[in-house]
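# Report on the structure
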Amino acid sequence: MTQPLFERLTVIGLGLIGSSLARRAMQDGSIAREVVAYDASPTVRTRVAELGIVHRVADTGQEAVQDADCVVLCVPVGAMAPSAAAIIPYMRTGAILTDVGSTKQSVIREIQPFLRPDLHFVPAHPIAGTEYSGPDAGFSTLFEGRWTLITPIEGGDPEPVAKVAALWQLCGAMTREMDAAHHDRALAIVSHLPHLLAFTICGTADDLEGESRNEVLQFAASGFRDFTRIAASDPTMWRDVFLNNREALLEMLARFTEDAQAMARAIRWGDEEFIVDRIERGRRIRRSLIEIKQA
Ligand SMILES: NC(=O)C1=CN([C@@H]2O[C@H](COP(=O)(O)OP(=O)(O)OC[C@H]3O[C@@H](n4cnc5c(N)ncnc54)[C@H](O)[C@@H]3O)[C@@H](O)[C@H]2O)C=CC1
Ligand SMILES: O=C(O)C(=O)Cc1ccc(O)cc1
């Protein structure tokens, strides 16, 4: 058998993303010879052991990262810095520390003070997920055919960046390097704002009184249903994403609000051309996405 990418891979946080990565790494020996896990929740640790999706579950972060050549932080973005601070002193010289957080500038800013010069930090973000969370929600094919964006830190070595890219490619993902600020603006519009809108529209519907509210739920057509899928996502994860991509998200929300107001004005004044133009733009975007997927 060919050499695995890593001898020992440690996954910290065994929710949807961490458990999916662990499951993939356990499928064959291409990613790592040994997969070790640690989660702050004892319930999750017990469940991961029951599921048998790693070789070993450690009782502490310190124990989990010992002798690992790659450690992947798969915790909510607000927990990245404390979980990094707790393990960095125990990582072996030359090891790679990477993460999967949905925001990149805040994670880099908050982890950097704890970094050691003999470690390599490679921030990354697999753009793949579902509305479910926890170790039972993961599956080994989650990353197949999806992008993983890598946002290397300034002055970092290229070799660990290439290894993290190889890790995600072995999971079936396509990889691309990107500046962290660019990442956060792009994700604000394509992921964070849509989640914000989904949570909000469900709240708006829920606030309706009496009959209207019951009807919303009873006759929920596919448009509203599509929003409820996204709105079922984990509150802790999304609270952290919103608070850690504050600037870009607020900018996109302000732009959206302006555009929604322009639509309201067109409806009020019966501006058919404007309304049709907006709808056609939506259609074009959807069709181009489908073409990209089929290509
Ligand atoms: N859910 C999604 O669709 C995607 C999530 N992400 C990112 O991946 C990360 C993980 O998300 P999910 O797997 O969905 O979350 P999850 O809620 O399913 O799992 C997170 C796990 O981290 C553990 N945890 C929390 N704080 C910890 C700490 N200090 N030390 C050790 N373990 C800790 C929790 O007990 C939990 O088991 C987040 O940063 C999120 O932004 C990235 C891509 C997609
Ligand atoms: O389930 C969905 O619609 C998602 O958008 C999944 C997702 C959630 C968060 C990310 O940072 C990346 C992907």
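Residues numbered from 1 in each chain as written. Chains lettered and ligands numbered in written order. Predicted model: local features only at pLDDT ≥ 70, side-chain atom pairs only at ≥ 80, totals over all residues.

Now for the overall build of the chain. Looking only at helices and strands, the chain features twelve helices and eight strands. Relative to the 2.2 N^0.38 estimate, which gives 19 Å for 295 residues, the radius of gyration of the chain is 21 Å and therefore close to what a compact globule would have. With respect to the three principal axes, the spread of C-alpha positions in the chain is 65 × 40 × 40 Å. When burial is assessed residue by residue, the chain has 38% of its 295 residues classed as buried. Partitioning the contacts of the chain with sequence separation of at least 6, the portion at a separation of at least 24 is 75%. (Helix = DSSP H or I, 4+ residues; strand = E, 2+ residues; numbered from the N terminus. Rg over C-alpha atoms; globule rule 2.2 N^0.38 Å. Buried ≥ 20, exposed ≤ 12 C-beta atoms within 10 Å, placed from the backbone. Contact = placed C-beta atoms within 7 Å.)

Around ligand 1, 29 residues are found, and the nearest of them are Gly13, Gly15, Ser102, Gly129 and Ser133. Those elements that provide at least two residues to the shell around ligand 1 are helix H1 (16–27), helix H4 (80–87) and helix H10 (235–244). It is H1 that contributes the most residues to the shell around ligand 1, three residues altogether. In terms of residue class, the shell around ligand 1 is made up of 16 nonpolar, eleven polar and two charged. Residue assignment places the shell around ligand 1 across two domains, with domain 1 (6–178) and domain 2 (182–294) each supplying three or more. (Near = placed C-beta within 6 Å. Nonpolar A, V, L, I, M, F, W, Y, C, P; charged D, E, K, R; others polar. Domains from an automatic or database assignment.)

Here we have eight strands laid out as an open sheet, ordered S3-S2-S1-S4-S5-S6-S7-S8, and mixed in their pairing. The open sheet has two free edges, formed respectively by strand S3 (56–57) and strand S8 (174–177), since each of these has just one partner strand. Across four bridges, the pairing between strand S4 (residues 70–73) and strand S5 (residues 96–99) is parallel. Across the sheet, residue valine 72 finds its bridge partner in S5, namely threonine 98. (Pairing = 2+ DSSP bridges.)

Another aspect to go through is the site of ligand 2. With respect to spatial proximity, the complete set of residues near ligand 2 consists of Ser102, Ile127, Ala128, Gly129, Thr130, Glu131, Ser191 and Ile230. Across the shell around ligand 2, the residue classes tally to three nonpolar, four polar and one charged.

Moving on, we come to the UniProt feature "domain: Prephenate/arogenate dehydrogenase" (unreviewed entry) in the chain. Taking the UniProt record as the reference, the feature "domain: Prephenate/arogenate dehydrogenase" (unreviewed entry) is found at residues 7–295. Strand forms 13% of residues 7–295 and helix 55%; the C-alpha atoms that close the span are 36 Å apart. (UniProt positions renumbered as here; feature names shortened; annotations may be inferred.)

Time to look at the domain arrangement of the chain. Entries for the chain in the domain assignment read domain 1 (6–178) and domain 2 (182–294). Using only C-alpha atoms to locate each centre, domain 1 and domain 2 end up separated by 30 Å. Listed per partner, the contact involves 14 residues of domain 1 and 16 residues of domain 2. Here the residues of the side of domain 1 that touches domain 2 are counted per class, giving four nonpolar, eight polar and two charged.

The next subject is unusual backbone geometry. Despite not being glycine, aspartate 67 shows a phi value in the positive range, around 65°. Locating aspartate 67 in the fold gives a position in the loop between helix H3 (61–65) and S4.

Time to look at the nonpolar core. Ranked by internal contacts, the top residues of the largest apolar core, which has 69 residues, are Val11, Ile12, Ala37 and Val71. Look past the residues within four positions of isoleucine 12 in its chain and what remains in contact with it is Tyr38, Gly61, Ala64, Val71, Val72, Leu73, Cys74, Val75, Ser83 and Ile87. (Core = buried A, V, L, I, M, F, W, Y, C linked by C-beta atoms within 7 Å.)

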